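# Structural characterization, general
Below, each chain spelled out in residue letters.
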Amino acid sequence: MNPSEARRLLGTFIRAHRERLSPPAKAVGRRRTPGWRREELAGAAGLGVTWITWLEQGRAVNASVPALCRLAEALQLTPAERMSLFDLAGKRDPLASHAPTTDLPAELLCLPGHVSAPAYLLDASYAAIAWNDQAGELFVGWLDTGAEQPNLLEFVFLSERARDLLVDWPERARRLLAEFRADFNRDPGDVRLQALAESLAERSADFERIWRSQDVLNRDGGVRTFSHPERGESQFFQTTFHLASHAGVKLVCLLPLCRDADQGIGDASDQA
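Given the structure is predicted, the values throughout are model-derived calculations rather than measurements. (Residues numbered from 1 in each chain as written. Predicted model: local features only at pLDDT ≥ 70, side-chain atom pairs only at ≥ 80, totals over all residues. Heavy atoms only, no water.)

When you tally the buried positions in strand 3 (residues 222-228), you get five out of seven residues, the bulk of the element. For strand 3 and strand 4 (residues 232-242), the ladder comprises seven bridges, and the chain directions are antiparallel. Bridging from a neighbouring strand, glycine 222 pairs with glutamine 238 of strand 4. (Buried < 20%, exposed > 50% of the residue type's maximum accessible area, 1.4 Å probe, protein only. Helix = DSSP H or I, 4+ residues; strand = E, 2+ residues; numbered from the N terminus. Pairing = 2+ DSSP bridges.)

A separate point is the packing of aromatic side chains. Here the distance between the centres and the angle between the planes together describe a pair of aromatic rings. Within this structure, the stated rule accounts for 13 aromatic pairs. Residues tyrosine 120 and tryptophan 142 carry aromatic rings whose centres are separated by 5.2 Å and whose planes lie at 85° to one another, so their mutual orientation is edge-to-face. Placement of tyrosine 120 in strand 1 (residues 119-122) and of tryptophan 142 in the loop between helix 8 (133-138) and helix 9 (152-158) is noted, with a sequence separation of 22 residues between them. By the burial criterion, tyrosine 120 is buried, and tryptophan 142 matches it. (Phe/Tyr/Trp six-rings, centres within 6.5 Å; stacked < 30°, edge-to-face > 60°.)

Right, let's get into helix 11 (residues 169-186). With 18 residues, helix 11 should cover 26 Å at 1.5 Å per step; its first-to-last C-alpha distance of 26 Å lies within 8% of that length. Turning to helix 11, its buried residues number three or more, namely Trp169, Arg172, Ala173, Leu176, Leu177, Ala178, Glu179, Phe180, Arg181, Ala182, Asp183 and Phe184. (Expected span 1.5 Å × (residues − 1).)

Here we take up the environment of leucine 10. Locating leucine 10 in the fold gives a position in helix 1 (residues 3-20). Remark: the alpha-carbon pair of leucine 10 and glycine 35, spanning 25 residues in sequence, is separated by 18 Å. Not counting the four nearest positions on each side in its chain, leucine 10 is found in contact with Leu55, Leu85, Leu88 and Ala89. (Contact = heavy atoms within 4.5 Å.)

The next subject is the pairing of strand 4. The hairpin turn running from strand 3 into strand 4, its antiparallel successor, is three residues long. Two elements, strand 4 and strand 5 (residues 250-256), share seven bridges in a ladder whose sense is antiparallel. By the bridge assignment for strand 5, phenylalanine 237 is matched with leucine 255.

The strands making up a sheet associate through backbone hydrogen bonding, with each pair oriented either parallel or antiparallel. The strand order 2-1-5-4-3 describes an open sheet built from five strands, whose pairing is antiparallel. Either end of the sheet is taken by a strand with one partner, and the two such strands are strand 2 (128-131) and strand 3. Adjacent strand axes in the sheet meet at a mean angle of 30° when their direction is disregarded. By the bridge criterion, three bridges tie strand 1 to strand 2 in an arrangement that is antiparallel. Note on strand 2: the bridge partner recorded for leucine 122 is alanine 128. (Axes fitted to C-alpha atoms, helices over the stretch in contact; angles between N-to-C directions.)

If you want it as structure tokens, here you go:
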């Protein structure tokens, strides 16, 4: 999309939401257009009328983050509408990045229980907030400890049991931390992620070394191999789903791979 088209869409969005507002209580006289006048929006947002006019007309004006914040408040935008305003302006909403993750409803927390293979929910700081019995049986030393929200990063880098469970631990640890770095870089001002990274860097030389490498990876799926203390070695195909309604929350599923290669990945009858 070219810049002029992006500005046109932003202007149309602002005007539409301005015209949806109920006229101010002190409004007098006959109104030929619905909603607020530009002068009223400018006054409520502490912005210039000319700036509002040019923005709605799609002119090349600078829409700074502070100005967009005041505009969003004056327009009384919902969280989804506010997100669209910043998206159309090509800016990052400072409130969206630091908004605390609300508690997940029971319908989402029970998602792992509907999966017949090992599955768990991670929050933005890589703490497990829900998991099924299969995941608890697979991840010995992590999900079977009784902790309310056991952290995956702390398990991988601070627990000796993780080095036994995760086959090729150095590569698995490097990939996990590169995925966390990508999430961290999307919101470097998140104090929870900052505190977690600083704490792990102090307690784990491996974490500190890999963290300094600045490696970044998307959380891609793939084959994961485990060496279970009771069941021996097993392989899974891991995939991750991101919850649209809760930023940073992930549903991770591990589909057991068949020992019979001819059966392929689709047969999950041999569950760990």
